[in-house]
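Report on the structure
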Amino acid sequence: MHSPNFLIMDSGVGGLSIWQEIRRRLPHSHCCYVADNAAYPYGALAESVLTERLATLLPGLEQSVRPDIVVVACNTASTLVLDRLRTLTSTPIIGVVPAIKPAAAASRSRHIALLATPGTVTRPYIDRLVAEFAVGCRVTRIGSHELVQAAEQKLRGDPVDSGVLARVLAPLRSNDSDMDHLVLGCTHFPLLRDEIRTLLAPEIQIIDSGDAIARRAAQLLAASPPPLRAPQPNRFLFTAEHSTPRQLEPGLHAFGFDRVRFLDTGAPQSGQKSGAS
Ligand code: DGL
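Please read all numbers here as calculations on a predicted model, not as lab measurements. (Residues numbered from 1 in each chain as written. Predicted model: local features only at pLDDT ≥ 70, side-chain atom pairs only at ≥ 80, totals over all residues. Heavy atoms only, no water.)

Right, let's talk about the layout of surface pockets for a bit. In this structure, the largest pocket encloses a volume near 600 Å³. As for the largest pocket, its lining consists of 29 residues, of which G95, V96, V97, Y125 and I213 are closest to the centre. Mapped by element, the contributors of at least two residues to the lining of the largest pocket are helix 3 (75–86), strand 4 (93–95), helix 4 (100–106), helix 6 (124–133) and helix 10 (210–223). Top contributing element to the lining of the largest pocket by residue count: helix 3, with 7 residues. (1 Å grid on protein atoms, 1.4 Å probe; cavity = no way out; pocket = protein on both sides within 12 Å on 5 of 7 lines; lining within 4 Å. Points joined across faces, edges and corners; volume = space filled by probe spheres on them. Helix = DSSP H or I, 4+ residues; strand = E, 2+ residues; numbered from the N terminus.)

It is worth spelling out the packing of aromatic side chains at this point. Going through the model one piece at a time under the given rule, you end up with 6 aromatic pairs. Here W19 and F257 contribute two aromatic rings whose centre-to-centre distance is 6.4 Å and whose plane-to-plane angle is 50°, an arrangement assigned as tilted. With W19 in helix 1 (residues 16–25) and F257 in the loop between helix 11 (245–253) and strand 10 (260–262), this pair connects stretches of sequence that are 238 residues apart. Considering the side-chain rings of Y33 and F236, the 4.9 Å spacing of their centres and the 5° angle between planes classify their relative orientation as stacked. Linking Y33 in strand 2 (residues 30–35) with F236 in strand 9 (residues 235–238), this pair joins segments that are 203 residues apart in sequence. (Phe/Tyr/Trp six-rings, centres within 6.5 Å; stacked < 30°, edge-to-face > 60°.)

Let us look at helix 3. With 12 residues, helix 3 extends 16 Å between its outermost C-alpha atoms, agreeing within 8% with the 16 Å of an ideal straight helix rising 1.5 Å per residue. Within helix 3 the residues assigned to the buried category are N75, T76, A77, S78, T79, V81, L82 and L85. Residues of helix 3 that are buried make contact with helix 2 (47–65), strand 3 (69–72), strand 4, helix 5 (118–121) and helix 6. (Expected span 1.5 Å × (residues − 1). Buried < 20%, exposed > 50% of the residue type's maximum accessible area, 1.4 Å probe, protein only. Contact = heavy atoms within 4.5 Å.)

With that settled, consider the pairing of strand 3. In strand 3, alternate side chains face the same way, and those of I69 and V71 on one face and V70 and V72 on the other are all buried. Relative to strand 3, strand 1 (residues 5–10) runs parallel, the two sharing 4 bridges. Residue pairing in the sheet places M9 in a bridge with V72 of strand 3. Examined bridge by bridge, strand 3 and strand 4 share 3 bridges and lie parallel to one another. Following the sheet pairing, V70 is matched in strand 4 by I93. Handedness of the crossover joining strand 3 and strand 4 through helix 3 is recorded here as right-handed. (Pairing = 2+ DSSP bridges. Right-handed = clockwise from strand over helix to strand, strands pointing away.)

With that settled, the discussion passes to the site of the ligand. Not every one of the 14 residues close to the ligand is listed here, only the nearest: S11, Y42, G43, T76 and H188. A distance of 2.8 Å separates an oxygen atom of the ligand from a polar atom in the backbone of G43. Between the ligand and H188, the relevant distance is 2.8 Å, taken from a nitrogen atom to a side-chain nitrogen or oxygen of the residue. About the coverage of the ligand: the protein hides 100% of its 300 Å² of free accessible area. Taken together, the residues of the shell around the ligand break down into 6 nonpolar, 7 polar and 1 charged. (Near = heavy atom within 4 Å. Polar contact = N/O pair within 3.5 Å; in protein donor to acceptor, adjacent residues only side chain to side chain. Areas by Shrake-Rupley, 256 points an atom, 1.4 Å probe, with all protein chains shown as cover. Nonpolar A, V, L, I, M, F, W, Y, C, P; charged D, E, K, R; others polar.)

Of note, the bond from Y40 into P41 is cis; its omega dihedral lies within 30 degrees of zero at -5°. With respect to the secondary-structure elements, P41 resides in the loop between strand 2 and helix 2. Look at R66: it is not a glycine, yet its phi comes out positive at around 50°. Positionally, R66 belongs in the loop between helix 2 and strand 3. Here the phi dihedral of R110 falls at roughly 60°; this positive angle occurs in a residue that is not glycine. As for its position among the elements, R110 is in the loop between helix 4 and strand 5 (111–116). For R110, a relative accessible area of 31% gives the class partly exposed.

As structure tokens, then:
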């Protein structure tokens, strides 16, 4: 059977929202998922630290996993490091970037919003996306670490604090906002889709990049089919010893992983930007 082998990377559990869409479209896929919790949250890292972190991590992982496709399932990283990573490997790399183009194309009010990490919302990459694909569209940008953390906690079975969510989304909830499309520009946020949905007016469309990434993976595999191989078990790896792996395992079962394992990669070389929460 053609069972494509994916290496999926994020700072934490966010990339599971992308893996979920890949599995839906390509059910025979298997995956080695790497949650780089030693460097979590990526949205608080200085750009140079994040770039070096991924450039250091990828070659070793690639060698041990031998994937058909690498997915950098993180907007914070993809808006920064894809060009650099592509110089390090000939394996196809798919990055995840905010779905500003389809949101702007579908917006009638010409007002969309981007909800992402504080790192992503300030990237020049986003300025370029807006200049190219959202001409004449107002783009409200909201950066939040708190929602990243809320998604991490939800997957561990903890309740999501709707007060925090309401505070972060407040600029989008005002009666005089004419924003009609919300782009979830962080892979953690689709894991909170139901909670976000209940706080927004029903006519606001919520868009993420998951299905587009799965379609791109399917295209690449159709153009270059993987070798025939026996199906392998999915693996979920953390880069630092995690204190509560048991708490996470029930949440991971729904994504096709049986248990959590650890890789020892060390922490990134220098510290985080201030402002992590
Ligand atoms: N899931 C990541 C993203 O798509 C980032 C989360 C973090 O800040 O670590 O941007």
